[in-house]
Amino acid sequence: MEPRTYTTIDLRKGMGEILDHTRIAGEAAAITRKGKTLAYLVPAEWFEHYQQLAEQASAADSQNAA
């Protein structure tokens, strides 16, 4: 699914609404300026899951190096 796109101006004007939509709908949002994507806003659960996977991969790398 393609993330919903917001400009930096949209973000400034509607931060609360954009955050609510991202959290409730569980969808990523692309933040753009002058047509280029600057960042993605993702639900907290997505980021927390990513962090867990990164920590597991790092631990596995450490074990394999030993």
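Note that the coordinates shown come from a computational prediction; the quantities given were computed from them, not determined experimentally.

## Focus: the pairing of strand E1 (residues 4-7)
Reasoning step 1: Pairing between E1 and strand E2 (residues 29-33): four bridges, direction parallel. Bridged to Arg4 within E2 is Ala29.
Reasoning step 2: On the question of chirality, the crossover connecting E1 to the parallel E2 by way of helix H1 (residues 8-25) is right-handed.

## Some thoughts on the pairing of strand E3 (residues 36-41)
Working note: regular strand, side chains alternate between the two faces of the sheet.
Reasoning step 1: Relative to E3, E2 runs antiparallel, the two sharing five bridges. Among the inter-strand pairings, Ile31 is bridged to a residue of E3, identified as Ala39.
Reasoning step 2: Between E2 and E3, which follow one another and run antiparallel, lie two residues, and Lys34 among them has a positive phi close to 55°.

## Re the pattern of salt bridges
Reasoning step 1: Applying the stated criterion to the full structure yields one salt bridge.
Reasoning step 2: With a shortest N-O distance of 3.8 Å, Arg23 and Asp20 are connected by a salt bridge. Taken together, the residues span about one helical turn, with Arg23 and Asp20 both in helix H1 at a distance of three residues.

## A few points about a positive patch on the surface
Reasoning step 1: The grouping of Arg12, Lys13, Arg33 and Lys34 at the surface amounts to a positive patch.
Reasoning step 2: The residue Arg12 is located in helix H1 in this model.

## Re H1
Reasoning step 1: Spanning 18 residues, H1 covers only 20 Å between terminal C-alpha atoms, well under the ideal 26 Å at 1.5 Å per step.
Reasoning step 2: At Gly14, H1 shows its largest bend, some 95°.
Reasoning step 3: Within H1, burial applies to Thr8, Leu11, Gly14, Ile18 and Thr22.
Reasoning step 4: Residues of H1 that are buried sit in contact with E1, E2 and E3.
Reasoning step 5: Following H1 by one or two positions, Gly26 has its phi on the positive side, about 65°.

Cut-offs and rules
- Residues numbered from 1 in each chain as written.
- Predicted model: local features only at pLDDT ≥ 70, side-chain atom pairs only at ≥ 80, totals over all residues.
- Heavy atoms only, no water.
- Pairing = 2+ DSSP bridges.
- Helix = DSSP H or I, 4+ residues; strand = E, 2+ residues; numbered from the N terminus.
- Right-handed = clockwise from strand over helix to strand, strands pointing away.
- Salt bridge = Lys/Arg side-chain N within 4 Å of Asp/Glu carboxyl O.
- Patch = residues over 30% accessible without salt bridge, like charges linked within 9 Å, V, L, I, M, F, W, Y side chains within 5 Å.
- Areas by Shrake-Rupley, 256 points an atom, 1.4 Å probe, with all protein chains shown as cover.
- Lys, Arg positive; Asp, Glu negative; His and termini not counted.
- Charge placed at Lys NZ, Arg CZ, Asp CG, Glu CD.
- Expected span 1.5 Å × (residues − 1).
- Bend = angle between axes of the 7 residues up to and from the residue.
- Buried < 20%, exposed > 50% of the residue type's maximum accessible area, 1.4 Å probe, protein only.
- Contact = heavy atoms within 4.5 Å.

These figures capture arrangement, not role.
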